[in-house]
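What follows is each chain in one-letter form.
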Amino acid sequence: MLYKYTEFKVEKLLNDHPENKEILDDLRAQLREMIEAELRAKPESVGERKQTNDGIVNLLVRKEDLERKVADYADTVERTEAALNRLTEEERLVIDCFFYKSMSRGQAQIWLERKLHISQSEVYRRRRAALDKIQRLLWG
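Now for a look at the structure at hand. (Residues numbered from 1 in each chain as written. Predicted model: local features only at pLDDT ≥ 70, side-chain atom pairs only at ≥ 80, totals over all residues. Heavy atoms only, no water.)

Topic: the overall build of the chain
Quick note on the threshold: The helix and strand labels rest on DSSP assignments: H or I over at least four residues marks a helix, E over at least two residues marks a strand, and numbering proceeds from the N terminus. Under the scheme applied here, a residue whose accessible area is under 20% of the maximum for its type counts as buried, over 50% as exposed, and between as partly exposed, the area being computed with a 1.4 Å probe on protein chains only. For this analysis, residues touch if any pair of their heavy atoms sits within 4.5 Å. The protein chains shown are the only cover counted for residues, whose accessible areas, like all others here, come from Shrake-Rupley with a 1.4 Å probe.
Of regular secondary structure, the chain possesses five helices and zero strands. Each helix and strand of the chain, ordered N terminal to C terminal, gives the series α-α-α-α-α. Here the chain holds 140 residues, and 31% of them are scored as buried. Taking all contacts inside the chain whose residues are at least 6 apart in sequence as the whole, residues at least 24 apart take part in 69%. A total of about 9,300 Å² of accessible surface is found on the chain, and carbon and sulfur atoms cover 48% of it.

Here it is, written out as structure tokens:
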């Protein structure tokens with residue numbers, strides 16, 4: 001799914017990361033439910049076998065689609081988290097403030113200025129450096 005973030009849109013990827021994790025959890029739950037339903041389903045009579053076979057084919061197609069989506073989202077989430085884990089403590093603080101805490105951009109900038117004792121321009125330089133590092137970690 002990283003193809004969705006072409007042109008190295010790291011900011012969009014980071015903004016979407018919490019939602020991608022939720023979608024992944026939902027897809028995994030759907031797949032589990034589908035597998036459980038598959039295990040419980042049994043044809044009742046020979047006459048229903050044709051309908052059951054058609055239903056099984058449709059179920060298998062949906063299952064394959066879900067498995068593909070799960071793999072796609074899992075790859076994106078895992079690679080994003082791996083990149084975030086390789087940031088220094090200060091880089092992670094900057095990324096968290098701008099993307100994951102419920103702060104506006106201005107609030108994050110002011111908070112980081114005070115926390116790190118740096119200027120506004122330095123906050124944005126460090127933000128850009130952290131985004132560039134994530135980009136290199138994800139796409140080389």
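Details of the environment of Gln 107
Going by this rule: Each polar contact in these results corresponds to two N or O atoms within 3.5 Å; when the atoms are within protein, one needs to be able to donate a hydrogen and the other to accept it, and residues that are neighboring in sequence are counted only if both atoms are side-chain atoms.
One can find Gln 107 in helix α4 (residues 105-116). Sequence separation between Gln 107 and Cys 97 is ten residues, and the spatial gap between their C-alpha atoms is 8.7 Å. A polar contact is formed between the side chain of Gln 107 and the backbone nitrogen of Ser 104, at a distance of 2.7 Å.

A word on the nonpolar core
Defined as follows: The nonpolar core is taken to be a set of buried Ala, Val, Leu, Ile, Met, Phe, Trp, Tyr and Cys residues, with the residues joined through side-chain atoms within 4.5 Å.
Leu 14, Ile 95, Phe 98, Leu 112 and Ile 134 are the most contacted members of the largest nonpolar core, which totals 20 residues. At the level of secondary structure, the elements contributing two or more residues to this core comprise α1 (10-40), α2 (49-85), α3 (89-100), α4 and α5 (120-139). Dropping the residues within four chain positions of it, Leu 14 is found in contact with Thr 80, Leu 84, Ile 95, Phe 99, Tyr 100, Leu 131 and Ile 134.

Observations regarding the packing of aromatic side chains
Basically, it comes down to this: Working definition: rings of Phe, Tyr and Trp (its six-membered ring) pair if their centres are within 6.5 Å, and the pair is stacked with planes under 30 degrees apart, edge-to-face with planes over 60 apart, and tilted otherwise. Both a distance and an angle decide whether a charge sits over a ring: NZ of Lys or CZ of Arg must be within 6 Å of the ring centre and within 35 degrees of the ring normal.
In this structure the tally under the stated criterion is one aromatic pair. Taking 5.6 Å as the distance between ring centres and 55° as the angle between the ring planes, the aromatic pair formed by Phe 98 and Tyr 124 counts as tilted. One end of the pair, Phe 98, is in helix α3; the other, Tyr 124, is in helix α5, and 26 residues separate them in sequence. Overall, Tyr 124 belongs to the partly exposed group, its relative accessible area being 25%. Cation over ring: Lys 101 sits above Trp 111, and NZ or CZ is 5.5 Å from the ring centre. Above the face of the Phe 98 ring, Arg 127 is positioned so that its terminal group lies 4.9 Å from the ring centre.

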